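# A look at the structure
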Amino acid sequence: MLPALERRHDVLALTLPGHAGGPPLPARLTATSTVAAVEAAMDAAGIETAHVAGNSLGGFLALQLAARGRARSVVALSPAGGWGGGSAVLADTLAEQERLHAAVRAGAGQAETLMATPAGRRRATASTTVAYEHLPAELLAHQMVGIARCDAGRMLRFAATDPYEVDLAAIACPVRVVWGREDQILPWPAAAARLRRELWHADWVELDDVGHAPQLDVPVETAQLILGWTGV
């Protein structure tokens, strides 16, 4: 989506701590470690406030930034942290991510070969997208290697204890929440129960035949949903 967004905005597309190409995780992780790193990147770029868009963990961070007064608007794509109390969504999601990370690490050395076939591309995207035929093999190979190289062990162990706190009442900017009805990682609507209750006034967009990563599944439509919101 970057070319479409860059035609209208200056874009800071950062890599989060612990992810391949990003800074290392701090020695001691806290509930605000990652959002503080995003704020530091914004500060370094001379950005006080911005229109913020993010997917999954990135969607949760977008809401955190809004609560901290750093967002002019938010588009949260299938954001984490939206489940209600007592939900099994987090435990189920982390168990599946641990399994997937182990499988990806085992096969990352053959990423280009695996992505050279339609069957390989379908298998690589089965948990994130409904459509996959339009996704370039080199992009999927790059993602596979990136997943293998991320510090998933520490991130997943911490995520199991993370309260996913965000002061939703402190958010004063416009918020749009976008969710694919076929999301297999954060299933709709169970994974959105708390957000639907507390962010009822947000602009909620449900996408048919779309999985966990709308920016991969329907990149043109997702870019339009972001650009249509940054002018609100």
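Heads up: these notes are all about the structure in this document. These numbers were taken from a predicted model, which means no experiment stands behind them.

Quick notes on the rules
Residues numbered from 1 in each chain as written. Predicted model: local features only at pLDDT ≥ 70, side-chain atom pairs only at ≥ 80, totals over all residues. Heavy atoms only, no water. Buried < 20%, exposed > 50% of the residue type's maximum accessible area, 1.4 Å probe, protein only. Helix = DSSP H or I, 4+ residues; strand = E, 2+ residues; numbered from the N terminus. Contact = heavy atoms within 4.5 Å. Core = buried A, V, L, I, M, F, W, Y, C linked by side-chain atoms within 4.5 Å. Pairing = 2+ DSSP bridges. Right-handed = clockwise from strand over helix to strand, strands pointing away. Axes fitted to C-alpha atoms, helices over the stretch in contact; angles between N-to-C directions. Parallel < 35°, antiparallel > 145°, perpendicular 65-115°, else oblique. Left-handed = near helix turned anticlockwise from the far one by under 90°. Nonpolar A, V, L, I, M, F, W, Y, C, P; charged D, E, K, R; others polar. Polar contact = N/O pair within 3.5 Å; in protein donor to acceptor, adjacent residues only side chain to side chain.

### Re helix H3 (residues 57–67)
Buried residues dominate H3, accounting for nine of its 11 residues. Within the span of H3, buried status applies to Gly-58, Gly-59, Phe-60, Leu-61, Ala-62, Leu-63, Gln-64, Leu-65 and Ala-66. For H3, the elements touching its buried residues are helix H2 (33–44), strand S1 (50–55), strand S2 (71–77), strand S3 (175–180) and helix H9 (193–198). Positive backbone phi, at 80°, marks Gly-69, one or two positions downstream of H3.

### Describing the nonpolar core
In terms of nonpolar packing, the biggest core is built from 40 residues, with Leu-63, Val-74, Val-175, Trp-179 and Leu-186 touching the most fellow members. It is H3 that provides the largest number of residues to this core, a total of six residues. One finds Met-115, Tyr-132, Leu-140 and Ala-148 within the second-largest nonpolar core, a separate group that totals 12 residues.

### Overview of the pairing of S3
Along S3, six of the six residues are buried, which leaves the element largely enclosed by surrounding structure. By the alternation rule, side chains of S3 split into Val-175, Val-177 and Trp-179 and Arg-176, Val-178 and Gly-180, which are all buried. Sheet topology note: the S2/S3 ladder contains four bridges and is parallel. When the sheet's bridge partners are listed, Val-75 is paired in S3 with Arg-176. Sheet topology note: the S3/strand S4 (residues 203–207) ladder contains five bridges and is parallel. If you follow Gly-180 over to S4, its bridge partner there is Leu-207. For the crossover that starts at S3, traverses H9 and ends in the parallel S4, the hand is right-handed.

### So, the packing of H2 against H3
Viewed as axis vectors pointing N to C, H2 and H3 meet at an angle of 70°, and their least axial separation amounts to 10 Å. As the angle between them shows, H2 and H3 are arranged roughly perpendicular. Handedness of the crossing formed by H2 with H3: right-handed. Residues Thr-34, Val-35, Val-38, Glu-39 and Met-42 of H2 lie in contact with H3, whose contacting residues are Leu-61, Gln-64 and Leu-65. For the contact of H2 with H3, the residue count by class is five nonpolar, two polar and one charged.

### Comments concerning the side chain of Asp-162
You can see Asp-162 is positioned in the loop between helix H8 (152–159) and S3. Only 2.9 Å separates the side chain of Asp-162 from the backbone nitrogen of Tyr-164, close enough to count as a polar contact.

### What about the environment of Gly-107?
Relative to the helices and strands, Gly-107 resides in helix H4 (residues 89–107). For Gly-107 and Arg-194, which are 87 residues apart along the polypeptide, the C-alpha to C-alpha distance reads 37 Å. In contact with Gly-107, not counting residues within four places along its chain, are Leu-114 and Met-144.

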